[in-house]
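Below are the chains, spelled out letter by letter.
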Amino acid sequence: MRRHETAWGLAFVTPIALQVILFCIVPVGIAIYAGFTNWNGLSGRQDFIGLENFATFLTDKYFWIASGNTLVMLVPIPFYLFFGILLAVGVHRGTPGSGVFRILFFLPYISSIVALVVLWKWIFNYQYGLVNQGLALIGIQGPDWLGDPAWIKTTIVLMIAWKLIGITSIYVLAGLNNISETYYEAARIDGASAARQFFQITLPMLTPAIFFLTIIGVIGSLQTFVEVQLFTADGGRDYSAATITYYIWQKAFGSNELGLASATAVFFALVILGVTLIQFRLSRRWVFEGE
Amino acid sequence: MKKRSAAFALITAAALALSGCSAAQPAGDKTITFMGWGSPEEITAFKTMISQYEHKYPHVKVDYITVPDTDFATKLQTMIASKKTPDVFYLQPEKVMPYADAGLIADLSSYVKNNEVFKADNVWKKALDMYRYDGKSPGKGAVYGLPKDIGPFTLAYNKDLFDAAGITAPTDDAPWTWDQFEAAAKKLTHGTGADKVYGSTPYSVESAVWSNGGDWLNANHTKVTVTDPKFVDALQWVADLNLKDHVVPTPAEQSALPDYQRFVDGKVAMMGIGPWNQGGLWNDAKFNWDIMPWPVSPATGKEAIWYGSIGLAVSNTSKDKSDASNLAAFLAFNKDAQQTNIDKGQAIPNLVDMAKNNYLKTDKAPANKQEFIRIIEDYGRRATQTYTYNSDWFGTFNANVASVWKGEKTAAQYTASIQDEMQKQLDDGIAQQGK
């Protein structure tokens, strides 16, 4: 009987395990190796060149511009957490009109990102866009959202926040549903106000969900790519919108420097790993671990 | 039961045969994969050409894959890495050197000398030369691709707007100078806000720089020369068309509305176009339009502009190299295929005799088709970045030049600030080739 179960278990696990090995472990291994070579992605020739690639990108001005831009992509995280929680609490209580909000905010998450970018390109079009037309009504000439180095990052950050509010509220909603009604009953008997209930019960009980959202939010924001590629040509004027993933893509497929791109990718993966570990360490201070 | 299934099979087979579906293919049939990108019009044109090919060579089936141009390089390189390179694929001239050095693309030299589709001396020499490479420098030696097209970039104008402003377009023997161009553009610019009509879309930097006697690189493509006054003056002149004269849309307006759309909306009078724009303009332009020679720099009195091209390369690992080469040759040179290009307004024929007869004799716009031919035969040049192994230096120039268009830096300040970085990238490219 037991052996039978093991066989079944293995049978179910094998496809996933194979998938992880084939599409995760093997490519990562190849990337690590390629990072130490001068592979151009075209020929089979791969000469070992040690740490040269790492020196190359660490002294490349554009790598640092891209790094700075990537950090900016983290800016929307508190905003979408805040509005996501607000939305979830509203929907949870069944506020009138919550159905409309649900659609409005979930729509971006289920739509194709390419379609969204096209939509945003129109909304933020300098001359014909909704935003600048609206601003013109009150006599303000809106900025060049997509062309100006100072504004293109704002546009991308706004879009990321808008896109992620929906998914945030789904997770928060799940967290809300998990909070036992008994806490609130007890609080009410003790005469706690609604605000007090929220800050003393709801918010602490939501911290695991919020923690999870910051982890995936940080990783996702650091990997911003499609928006950059679709909003801008060549990473934007003066490389103003290019992120590290964009830099990696451009080196790999634009300049045929796959070795250099791999080295950058490996470095970047280590940075993300480091950031995530720090988040986990910090989480001990504020995440509620359960009764 | 058995009877019924037999009848069913018979009917199915008959239906397949009737519908022209090759249910019973003769042995030895081949499938050639062909990967490209293009506008919807270009894709339709190629579908037509491919069916013409399949009709002529029934033993070959073509699997035509189209990828958006922004994804093309990524997709192609992934396919190369996984050893699934398409048999025939689009290749930009600037990639001929790295691809040939990596052994990815077939040397088609012997094929160019001897084949059933075309005579090599009836092909634009400049078009074939885009794909020549002798292992050291481009433009000489073996042929590594056949030109899909040769695209001379010309200056189109809205005839109705010209007439309304009382302007006559210049002719080949009497081209405008920059000053005359500026004066005409000023006359054509009028209106405000969304109704504003501009004289011209952004002027071709290549045309200005080359016409003024400058270039991005020196003659043997080893030194960046953008701080040369001839280069700087030309760049500043292009920028001043917006900054001082206000006859071209501002950078923000340019990003708001693509040049092409602005032109077909009748909101700009002059715009650079290539032969690939003809078909689109036939449909979209609700006014009379034609093409004219590029203005000349007052310093030299000479015209200058680039011609572009995309090549059809054959994979070195293709199992059917001769059929693949034959497909490339058919798409590039077959008379029916070239006629399709004329009919769809996609390209001027690669075959000289067809360009000078069939193409020139068509009655659709532009009337002055001869200008396209003149650029190829006379003053057209291949872009400077197609001479270097890696065009990162050119990308860097373009990615940062907006500060000049916006007037935040003068052309002199900008070129001085970027020269060293461009030189470093050019040196890197030269070193890459050596490896």
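Everything numeric in this text was worked out from a predicted model, so none of it was measured.

A. Here's a closer look at the overall build of chain A. Within chain A, the secondary structure is distributed over 13 helices and zero strands. Listing every helix and strand of chain A by position from the N terminus yields α-α-α-α-α-α-α-α-α-α-α-α-α. Each principal axis of the C-alpha distribution contributes one length, and for chain A these read about 75 × 75 × 35 Å. Classification of the 291 residues of chain A by burial places 42% in the buried group.

B. Molecular detail of the overall build of chain B. When its secondary structure is counted, chain B shows 20 helices and 14 strands. Scaling as 2.2 N^0.38, a compact globule of 435 residues should have a C-alpha radius of gyration of about 22 Å, and chain B matches this with 24 Å. Across the 435 residues that make up chain B, the buried fraction comes to 54%. In chain B, the share of contacts with a sequence separation of at least 24, taken over all contacts with a separation of at least 6, comes to 73%. For chain B, the exposed area adds up to about 18,700 Å²; of that, 53% sits on carbon and sulfur atoms.

C. Looking closely at helix H14 (residues 321–333) of chain B. All names here are of chain B. When the terminal C-alpha atoms of H14 are compared, their 18 Å separation across 13 residues agrees well with the 18 Å that a helix rising 1.5 Å per residue should span. For H14, the buried fraction is high: 11 of the 13 residues fall into the buried class. Turning to H14, its buried residues are Asp-323, Ala-324, Ser-325, Asn-326, Leu-327, Ala-328, Ala-329, Phe-330, Leu-331, Ala-332 and Phe-333.

D. Seen up close, the packing of aromatic side chains. All names here are of chain A. Within this structure, the stated rule accounts for 53 aromatic pairs over all chains. Seen in terms of ring centroids, Phe-198 and Phe-199 are 5.1 Å apart; in terms of plane orientation they differ by 85°. Their pairing is edge-to-face. Accessibility expressed as a relative area gives 53% for Phe-199, which makes it exposed. When the ring of Phe-211 is compared with that of Phe-280, the centres are 5.0 Å apart and the planes differ by 85°; the resulting orientation is edge-to-face. Taken together, the residues span a long stretch of sequence, with Phe-211 in helix H10 (residues 194–222) and Phe-280 in helix H13 (residues 258–286) at a distance of 69 residues. According to the relative accessible area criterion, Phe-211 is buried, its value standing at 11%.

E. Highlighting the sheet that holds strand E3 (residues 88–91) of chain B. All names here are of chain B. Within the open sheet, the five strands sit side by side as E2-E1-E3-E13-E6. Their pairing is mixed. On the outer flanks of this sheet lie strand E2 (60–66) and strand E6 (146–147), each paired with one strand and no other. In this sheet, strand E13 (residues 311–314) lies alongside E3 in antiparallel orientation, the contact comprising four bridges. Residue pairing for E13: Tyr-90 is matched across the bridge by Leu-312. Lying over the sheet, helix H3 (residues 69–81) contacts strand E1 (30–36) and E3, oriented at roughly 145° with respect to E1.

F. The interface of chain A and chain B, seen in detail. In this complex, chain A contributes 25 residues to the contact, which on the side of chain B involves 32 residues. Where chain A abuts chain B, roughly 2,400 Å² becomes buried across the two surfaces, and 44% of that area is made up of carbon and sulfur atoms. Broken down residue by residue, the surface that chain A buries against chain B is led by Leu42(A), Arg237(A) and Phe253(A), which jointly contribute 27%. Joining chain A to chain B, the criterion identifies two salt bridges. Close ionic contact of Glu408(B) with Arg237(A) constitutes a salt bridge, the shortest N to O distance being 2.4 Å. Looking at the side of chain A that touches chain B, the elements with two or more residues in it are helix H3 (61–72) and helix H12 (244–254) of chain A. For the side of chain A that touches chain B, the leading source of residues is H12(A), giving four residues. Counted by class, the side of chain A that touches chain B contains seven nonpolar, 10 polar and eight charged residues.

G. Molecular detail of the pattern of salt bridges. Taken as a whole, this structure holds 20 salt bridges over all chains when the rule is applied. The salt bridge involving Lys61(A) is made with Glu421(B); its shortest N-O contact spans 3.0 Å. Separated into two different chains, Lys61(A) in helix H3 and Glu421(B) in helix H20 (residues 411–434) make up a pair that spans both. Residue class for Lys61(A) comes out partly exposed when judged on its relative accessible area of 47%. The residue Arg237(A) makes a salt bridge to Asp238(A) at a minimum N-O spacing of 3.7 Å.

H. Molecular detail of the environment of Ala174(B). Residue placement: Ala174(B) occurs in the loop between helix H7 (159–164) and helix H8 (178–188). The spatial distance from the C-alpha of Ala174(B) to the C-alpha of Val296(B) is 9.9 Å, given a sequence separation of 122 residues.

I. Looking closely at the pairing of strand E11 (residues 289–292) of chain B. All names here are of chain B. Because side chains alternate across E11, one face comprises the buried residues Trp-289 and Ile-291, and the other comprises Asp-290 and Met-292, equally buried. The pairing of strand E8 (residues 154–158) with E11 spans four bridges and is classified as antiparallel. Bridge pairing in E11 links Asn-158 to Trp-289.

J. How the structure looks around the confidence of the model for chain B. All names here are of chain B. For chain B, per-residue confidence averages 90 on the pLDDT scale, and residues scoring 70 or more make up 93% of the total. In the predicted structure, residues 1–27 sits below a pLDDT of 50 and forms three contacts with residues beyond four places in sequence or in another chain. The ipTM, which scores confidence in the relative placement of chains, is 0.78 for this predicted complex, and the corresponding pTM is 0.84.

K. Seen up close, the side chain of Thr245(A). In this fold, Thr245(A) is placed in helix H12. Ignoring sequence-local partners within four residues, the contact set of Thr245(A) consists of Leu222(A), Gln223(A), Thr224(A), Phe225(A) and Phe268(A).

L. A look at the sheet that holds strand E7 (residues 151–152) of chain B. Residue and element names in this part refer to chain B. Here we have three strands laid out as an open sheet, ordered E7-E12-E14, and mixed in their pairing. Edge strands, defined here as strands with exactly one partner in the open sheet, are E7 and strand E14 (380–382). As defined by bridge partners, E7 adjoins strand E12 (residues 305–308) across two bridges and the pair is classed as antiparallel. The partner of Pro-152 across the bridge, within E12, is Tyr-307. Taken strand by strand, helix H17 (residues 370–379) contacts E7, E12 and E14, and its axis lies near 65° from that of E14.

Cut-offs and rules
- Residues numbered from 1 in each chain as written.
- Chains lettered and ligands numbered in written order.
- Predicted model: local features only at pLDDT ≥ 70, side-chain atom pairs only at ≥ 80, totals over all residues.
- Heavy atoms only, no water.
- Helix = DSSP H or I, 4+ residues; strand = E, 2+ residues; numbered from the N terminus.
- Buried < 20%, exposed > 50% of the residue type's maximum accessible area, 1.4 Å probe, protein only.
- Rg over C-alpha atoms; globule rule 2.2 N^0.38 Å.
- Contact = heavy atoms within 4.5 Å.
- Areas by Shrake-Rupley, 256 points an atom, 1.4 Å probe, with all protein chains shown as cover.
- Expected span 1.5 Å × (residues − 1).
- Phe/Tyr/Trp six-rings, centres within 6.5 Å; stacked < 30°, edge-to-face > 60°.
- Pairing = 2+ DSSP bridges.
- Axes fitted to C-alpha atoms, helices over the stretch in contact; angles between N-to-C directions.
- Buried area = accessible area lost by both parts, 1.4 Å probe.
- Salt bridge = Lys/Arg side-chain N within 4 Å of Asp/Glu carboxyl O.
- Nonpolar A, V, L, I, M, F, W, Y, C, P; charged D, E, K, R; others polar.
- pLDDT = per-residue confidence, 0-100.

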